[in-house]
Amino acid sequence: MATPVLSSPHAVPTSSAASSDARDDPAALLVELCRHFYGLGWVSGTGGGMSVRSRGRIYVAPSGVQKERIQRADIFELDEEGRTLVAPPGGLRISACLPLFMRAYRMRGAGAVLHSHSIHAMMATLAFEREFRVTHCEMIKGITGMGYRDELVVPIIENTDHECDLADSLAEAIAAYPKAFAVLVRRHGVYVWGPDWVSAKTHAECYHYLFEAVLRARSLGVDLTVAPSVPPGVAPRAHSV
Ligand code: ZN
């Protein structure tokens, strides 16, 4: 098994090191990422999911298994068309997120896709109608191609009774928002991807931060969807005559 890459908070992998680890054993990496994301509250209650693509293979976690308890032997291995090559023993079912993961792989050339049931992602869909928006926030820079002063937009699609039925509306949102690396699902969560697993993880961390930041700023009466009129923390000066 490959050396766990996230075991130490100080051993932050570089892109080249991460690629090497993922190439060595993507299934083990996926197990580790699931545990990490469980710790962040993104995949609790067996909800959410994760998939990694490496060297022409797609690795997917099973459905209905607590994410922090998934073992390497529980991981499905697929070809790039989504056909199962290796299924785990014990009759485990593959994640219901697979049709949605495949949209991000095919339409965006993603190297990894995360589906999060984070409370902040879910709450963000209650605060906006069709698009989540934020600007002038440092963490926007963590999203590929975006800068501090840019307006970050994430489309919101409506939830369905079954996860697989989200695939078409997710595909429509992916096509309509070429700068986005995420799609929110109303009262549900968010799908996030990147060209490799490191980027997908970075994107997910930044998006989740921004979802929470916008909601918490609102409680302070600060609207992070518009540019600040004065520098934060600087009170407007009273004019003397
Ligand atoms: Zn879900």
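What counts, and at which threshold
Residues numbered from 1 in each chain as written. Predicted model: local features only at pLDDT ≥ 70, side-chain atom pairs only at ≥ 80, totals over all residues. Axes fitted to C-alpha atoms, helices over the stretch in contact; angles between N-to-C directions. Helix = DSSP H or I, 4+ residues; strand = E, 2+ residues; numbered from the N terminus. Parallel < 35°, antiparallel > 145°, perpendicular 65-115°, else oblique. Left-handed = near helix turned anticlockwise from the far one by under 90°. Contact = placed C-beta atoms within 7 Å. Nonpolar A, V, L, I, M, F, W, Y, C, P; charged D, E, K, R; others polar. Buried ≥ 20, exposed ≤ 12 C-beta atoms within 10 Å, placed from the backbone. Pairing = 2+ DSSP bridges. Arc of directions from axis to C-beta. Right-handed = clockwise from strand over helix to strand, strands pointing away. pLDDT = per-residue confidence, 0-100.

1. Structural notes on the packing of helix α4 (residues 119–127) against helix α6 (residues 197–219)
Where α4 contacts α6, the two axes come as close as 9 Å, and the packing angle between them is 50°. Relative to α6, the element α4 is oriented oblique. Read as a crossing pair, α4 and α6 show a hand that is left-handed. Touching H120, A121, M123, A124 and A127 of α4 are H208, F211, E212, V214 and L215, all from α6. Tallied by class, the residues present in the contact of α4 with α6 amount to 7 nonpolar, 2 polar and 1 charged.

2. Details of the packing of helix α3 (residues 98–108) against helix α5 (residues 167–176)
Packing of α3 against α5 leaves a shortest axis separation of 9 Å and a crossing angle of 25°. As summarised for this structure, α3 and α5 are arranged roughly parallel, according to the angle between their axes. Between α3 and α5 lies a crossing whose hand is right-handed. Between α3 and α5, the contacting residues are P99, L100, R103, A104, M107 and R108 on the first element and A167, L170, A171, I174 and A175 on the second. When its residues are assigned to classes, the contact of α3 with α5 shows 9 nonpolar, no polar and 2 charged.

3. Concerning the pairing of strand β1 (residues 49–54)
Of all 6 residues in β1, 6 are buried, a share of seventy percent or more. Here β1 shows a buried face lined by G49, S51 and R53 and a second buried face lined by M50, V52 and S54. Bridging between β1 and strand β5 (residues 112–116) involves 4 bridges; their strand directions are antiparallel. Across the sheet, M50 pairs through a bridge with L114, a residue of β5. Two strands pair when backbone bridges link them, and β1 and strand β2 (residues 57–60) are joined in this way by 4 bridges, in the antiparallel orientation. Residue pairing across strands places S51 opposite V60, the latter belonging to β2. Joining the antiparallel neighbours β1 and β2 is a turn of 2 residues, in which R55 adopts a positive phi near 45°.

4. Comments concerning the environment of I140
On the secondary structure map, I140 appears in the loop between β6 (131–135) and β7 (151–157). As for I140 and C206, which are separated by 66 residues in sequence, their C-alpha atoms are 6.9 Å apart.

5. What to know about α4
Buried residues of α4: H120, A121, A124 and T125, and no others. Angular distribution of buried residues about the axis of α4 spans 145°; they occupy a single face of the element. Summarising the contacts, the buried residues of α4 are in contact with β5, β6, β7, β8 (182–185), β9 (189–194) and α6.

6. A closer look at the sheet that holds strand β3 (residues 76–78)
One open sheet accounts for 9 strands, arranged β4-β3-β2-β1-β5-β9-β8-β7-β6; its pairing is mixed. Because the sheet does not close on itself, it has two edges, and the strands there are β4 (84–86) and β6. Adjacent strand axes in the sheet meet at a mean angle of 25° when their direction is disregarded. Across the sheet, helix α2 (residues 26–39) is in contact with β1, β2, β3 and β5; its angle to β1 comes to roughly 150°. Contacts from α6 reach β1, β5, β6, β7, β8 and β9, with the element oriented near 145° to β9.

7. Overview of the pairing of β7
When you tally the buried positions in β7, you get 5 out of 7 residues, the bulk of the element. Direction of pairing for β6 relative to β7: antiparallel, over a ladder of 5 bridges. Across the sheet, the residue bridging to V134 is L152, located in β7. Pairing geometry for β7 and β8, over 2 bridges, is parallel. Bridging from a neighbouring strand, I157 pairs with V185 of β8. Traced from β7 through α5 to β8, the parallel crossover comes out right-handed.

8. A word on the confidence of the model for the chain
The predicted model of the chain averages 88 in pLDDT, with 85% of residues at 70 or higher. Every residue in residues 1–20 scores below 50 in pLDDT, and together they form 23 contacts with partners more than four places removed in sequence or on other chains.

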